[in-house]
Structures are given as C-alpha cells and as structure tokens.
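# Observations on chain architecture
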Amino acid sequence: MRIFASTVGRNEAERWLGDMLTRCAGVFDGHFFYDDRSDDRTLELARGHGCTAVERPEPEPAFLEHEGRFRQAAWDAFETAMKPDPGDWVFSIDCDELLVFDGRESLRAQCEAARGQSSLTVKIPECFGFDADGQPL
C-alpha cells in the first residue's frame, strides 16, 4: 500500500504552496501536482519540493473554464505519472492546507485500518498559519 498526495493549483508560488509542500515532505510515498498553466514559479516550486509535476496541456480546459473536465484531466495525468495500484490511497490537498499531525506512521496506520473501504476521513488537524511562537493557527 502506498499513500499519495495530489494537488492542483495555479499561480500559487507567492502564497501558501511552499509551506504546504514543506509540511507534506516525507509524509507521502509521492506527491503529484497538476499545474493549471501558471505564469509564476508554481511549477518550479512544486518540482523543487520533489513533486511529480505536470502542466495542464492544451487544449484541456482550465479549472475556471470547465472544472469537471479539468479535474478528470488531472486524475488521468495522476494515473499516468504515479501508476497507483488497487489498495493505494490518494489524498487531495489544496495549496493552502498546511497539515499538522504526528507523522507518516499515524497516517499509514489509519489507512491500514480502513483497508477495503473506498474512502476515509482522516482526523488530521490543519492550520492556515502560525503565530509568532511557531504554533499553528
């Protein structure tokens, strides 16, 4: 069983993307990033954090043009790049979600306990920033 993260985004380099990717480092067996043709450093930032990053090809529609087709294209690109097996888990993580929890083994244990289920609600707190002392908000 492998545990993947999957993220889609556009022009996120100057927002929370770097923090999110740093928090995900070492947690997942692979992180896939589907870029909606950013015109900033988003794609390079994702690759620099070890993501398998793919830019939305033309003529696939952008998220704002047709969200359903965009998400299907993102999933197809994920399957091609990451080659998930039955029993693998895929966590969808937004660019502004900062995971704060006790680590990879806790997540792996929750996934193992849910073997055979098609979905899982994981009790992982998330934060959207830190106070001056580094405590999650």
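Just so it is clear, the structure is predicted and the values come from calculations on it, not from any experiment. (Residues numbered from 1 in each chain as written. Predicted model: local features only at pLDDT ≥ 70, side-chain atom pairs only at ≥ 80, totals over all residues. Heavy atoms only, no water.)

## Here's the deal with the overall build of the chain
Helix and strand counts for the chain come out as four helices and six strands. Ordering the α and β elements of the chain from the N terminus gives β-α-β-α-β-α-β-β-α-β. Its C-alpha atoms give the chain a radius of gyration of 15 Å, within 12% of the compact-globule value 14 Å for 137 residues. Taking all 137 residues of the chain together, the buried fraction comes to 40%. By sequence separation, contacts in the chain at least 24 residues apart represent 69% of the contacts at least 6 residues apart. On the chain, roughly 7,900 Å² of surface is accessible, and the fraction owed to carbon and sulfur atoms is 48%. Side chains of the chain give 15 positive and 27 negative charges; the mean places of these two sets differ by 4 Å. (Helix = DSSP H or I, 4+ residues; strand = E, 2+ residues; numbered from the N terminus. Rg over C-alpha atoms; globule rule 2.2 N^0.38 Å. Buried < 20%, exposed > 50% of the residue type's maximum accessible area, 1.4 Å probe, protein only. Contact = heavy atoms within 4.5 Å. Areas by Shrake-Rupley, 256 points an atom, 1.4 Å probe, with all protein chains shown as cover. Lys, Arg positive; Asp, Glu negative; His and termini not counted. Charge placed at Lys NZ, Arg CZ, Asp CG, Glu CD.)

## Remarks on helix α1 (residues 17-24)
Looking at α1, one finds that the buried residues are L17, G18, M20, L21 and C24. All buried residues of α1 project into a common sector of 160° when viewed along the axis, lining one side. If you follow the buried residues of α1, they end up packed against β1 (3-9), β2 (30-35), α2 (42-48) and β5 (98-99). Where α1 terminates, the next one or two residues include G26, which has phi positive at roughly 80°. (Arc of directions from axis to C-beta.)

## Considering the pairing of strand β3 (residues 52-55)
Side chains on a regular strand alternate between the two faces of the sheet. Sheet analysis places β2 next to β3, joined by four bridges and oriented parallel. Bridge pairing links Y34 to V54 in β3. After leaving β2, the chain enters α2 and then returns to the sheet as β3, a path that is right-handed. (Pairing = 2+ DSSP bridges. Right-handed = clockwise from strand over helix to strand, strands pointing away.)

## Some remarks on the pattern of salt bridges
Scanning all chains against the criterion turns up ten salt bridges. Between R41 and E14 there is a salt bridge, with its nearest N and O atoms 3.4 Å apart. Of this pair, R41 sits in the loop between β2 and α2 while E14 is found in the loop between β1 and α1, placing the two residues 27 residues apart along the sequence. Judged by its relative accessible area of 45%, R41 falls in the partly exposed class. (Salt bridge = Lys/Arg side-chain N within 4 Å of Asp/Glu carboxyl O.)

## Notes on the environment of R69
Here R69 is to be found in helix α3 (residues 67-82). If near-sequence neighbours (up to four positions away) are discounted, R69 is found in contact with E60 and P61.

## Re the environment of R41
Each C-alpha atom of the pair R41 and N11 lies 7.4 Å from the other, and the pair is 30 residues apart in sequence. In this structure, R41 is in contact with A13 and E14, ignoring residues within four places of it in sequence. Within polar-contact distance, the side chain of R41 engages the side chain of E14 at 3.4 Å. (Polar contact = N/O pair within 3.5 Å; in protein donor to acceptor, adjacent residues only side chain to side chain.)

## Looking at the pairing of β1
Across the seven residues of β1, six count as buried, placing the element largely inside the fold. Direction of pairing for β1 relative to strand β4 (residues 89-92): parallel, over a ladder of four bridges. In the sheet register, A5 faces β4, and the bridge partner there is F91. As paired elements, β1 and β2 share six bridges and run parallel to each other. When the bridges of β2 are listed, T7 appears paired with F33. With respect to chirality, the unit in which β1 leads through α1 into the neighbouring parallel β2 is right-handed.

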